Amino acid sequence: MERARQVSDAWAGSEAARIWREGYFPLDDPVQLPEGAFRNQADKRAYEAQNFELRGPLPGAPPKRKGEVRWRSGGSLPVAVSSARAAYEKLAQGGDVGHSLVVTGARLGRMTLSTGRGPASVPAWHFTVAGYDTPLRRVAVGPSKLPRPPVKPVAEASDALYPLYGLTSVSRDGRTVTLRAHHGSCDEGPAVDVLESGDNVVFSGWIRDRAEGMCTDDLRMKKVTVKLDRPVGDRLLLDAFTGRPVPHDAAAGFPAPSWS
């Protein structure tokens, strides 16, 4: 726990923590699916392959006035709103091979997601998808610039500490966090220890019972669920290895898809 304590103490009261708490840093998937999605396996595979087809007009240029991120706990932040076309292109990155989800239009609305400051309502494009009664939503704003961390990452991974791949979800009550962690082919899987303080929560990823001797050098990932003593609230969720906030389901040390 020495490394976790070092990370926790470095972030507590730091300039990086101040920037984090004043900015917009999403901790959820940037896409919310239509209710009841998916109708069938073909639609699910199309979504996973990012196969979309546009069969209707999209709104033109993004709104001239800035949008707002509004936190449930109070406070707001002005943000630039992307065009519907830009949001659509982030959805439709597949090879257009086989079955596709058909988008027939879009309108600007809002969606609620978890952020580093708790739940927030953010501008989002609501795409009409053929065959679905409710829209597919994608955030229409980018995150704030990530702060420089107040502590350096660990030089090298070891059995005692591995970087986390990313944050998958936080439960509605804020007491359960699901992370994606690394492990190999000759071990009992990943584990995650947790150190909680009033300012932050530090997660330490490690590998259970790694076998000795010859083993294939592959890297796998698995979800690990961690129970907290109290809800996350506005506490920072930090990776002990990188010394940085845990990104939303992305390679440790790199901006997550929802942060780009």
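First, a word on scope: everything that follows refers to the structure included in this document.

Cut-off values and rules
- All residue numbers here refer to positions counted from 1 along the written sequence of the relevant chain.
- With the structure being a predicted model, the display of local features is reserved for residues of pLDDT at least 70 and the display and counting of side-chain atom pairs for 80 or more, all residues being used for whole-chain, interface and lining totals.
- Working from all heavy atoms in the structure, the side-chain values ignore hydrogens and water.
- Strands here are runs of E lasting at least two residues and helices are runs of H or I lasting at least four, both read from the DSSP assignment and numbered beginning at the N terminus.
- Burial classes: relative accessible area under 20% of the type maximum marks a residue as buried, over 50% as exposed, and values in between as partly exposed (1.4 Å probe, protein chains only).
- Note on contacts: a residue pair is in contact if any heavy atoms of the two residues lie within 4.5 Å.
- Here the arc refers to the directions that run from the helix axis out to each C-beta atom.
- Pairs of N or O atoms are called polar contacts if they sit within 3.5 Å, as long as, within protein, a hydrogen donor faces a hydrogen acceptor (for residues adjacent in sequence, only side-chain-to-side-chain pairs).
- For two strands to be treated as a pair, DSSP must find at least two bridges joining them.
- All axes are obtained by fitting lines to C-alpha atoms, using only the stretch in contact for helices, and the reported angles, taken between N-to-C directions, cover 0 to 180 degrees.
- Should a side-chain nitrogen of Lys or Arg be within 4 Å of a carboxyl oxygen of Asp or Glu, the pair is scored as a salt bridge.

This next bit is on the overall build of the protein chain. Within the protein chain, the secondary structure is distributed over 4 helices and 14 strands. Scored against the burial criterion, the 260 residues of the protein chain give a buried share of 44%. Across the protein chain, contacts joining residues at least 24 apart in sequence account for 71% of those joining residues at least 6 apart.

Turning our attention to helix α3 (residues 41-48). When α3 is considered as a whole, its buried residues turn out to be Asp 43, Ala 46 and Tyr 47. The arc that holds every buried residue of α3, seen down its axis, measures 100°, which confines them to one face. Facing away from the buried surface of α3 by more than 90 degrees, the exposed residues are Gln 41, Arg 45 and Glu 48. The opening residue of α3 is Asn 40, an N-cap whose side-chain oxygen sits 3.2 Å from the backbone nitrogen of Ala 42. Looking at the residues trailing α3, positive phi occurs at Gln 50, about 60°.

Let's shift gears to the environment of Ala 181. Turning to its location among the elements, Ala 181 is positioned in strand β9 (residues 176-183). Along the primary structure Ala 181 and Asp 249 are separated by 68 residues, whereas in three dimensions their C-alpha atoms are 9.7 Å apart.

So, on to the sheet that holds strand β14 (residues 244-245). Hydrogen bonds between backbone groups are what pair the strands of a sheet, and the pairing can be parallel or antiparallel. Spatially, 4 strands are ordered β10-β11-β13-β14 in an open sheet, and the strand pairing comes out mixed. In the strand order of this sheet, the two ends are held by β10 (190-196) and β14, each with one partner. In this fold helix α1 (residues 2-11) packs onto β10, β11 (200-207), β13 (236-239) and β14, with an angle of close to 155° to the strand it touches most, β11.

Along the chain, the position of Thr 176 falls in strand β9. Take Thr 176: its relative accessible area is 15%, and that puts it in the buried class. Side-chain polar atoms of Thr 176 contact the side chain of Lys 227, separated by 3.2 Å. Ignoring sequence-local partners within four residues, the contact set of Thr 176 consists of Ser 169, Val 170, Ser 171, Thr 225, Val 226 and Lys 227.

This part covers the pattern of salt bridges. A full pass over the atoms with the stated rule returns 6 salt bridges. Glu 53 serves as the salt-bridge partner of Arg 55, at 2.9 Å between the closest nitrogen and oxygen. Across the salt bridge formed by Arg 235 and Glu 196, the nearest N and O atoms sit 3.1 Å from each other. A residue pair is termed long-range when its members are at least 10 positions apart, and Arg 235 in the loop between β12 (220-227) and β13 and Glu 196 in strand β10 qualify at 39 residues. Given the relative accessible area of 4%, Arg 235 is considered buried. Beyond isolated ion pairs, a larger network of salt bridges with shared partners links Glu 15, Arg 18 and Glu 22.

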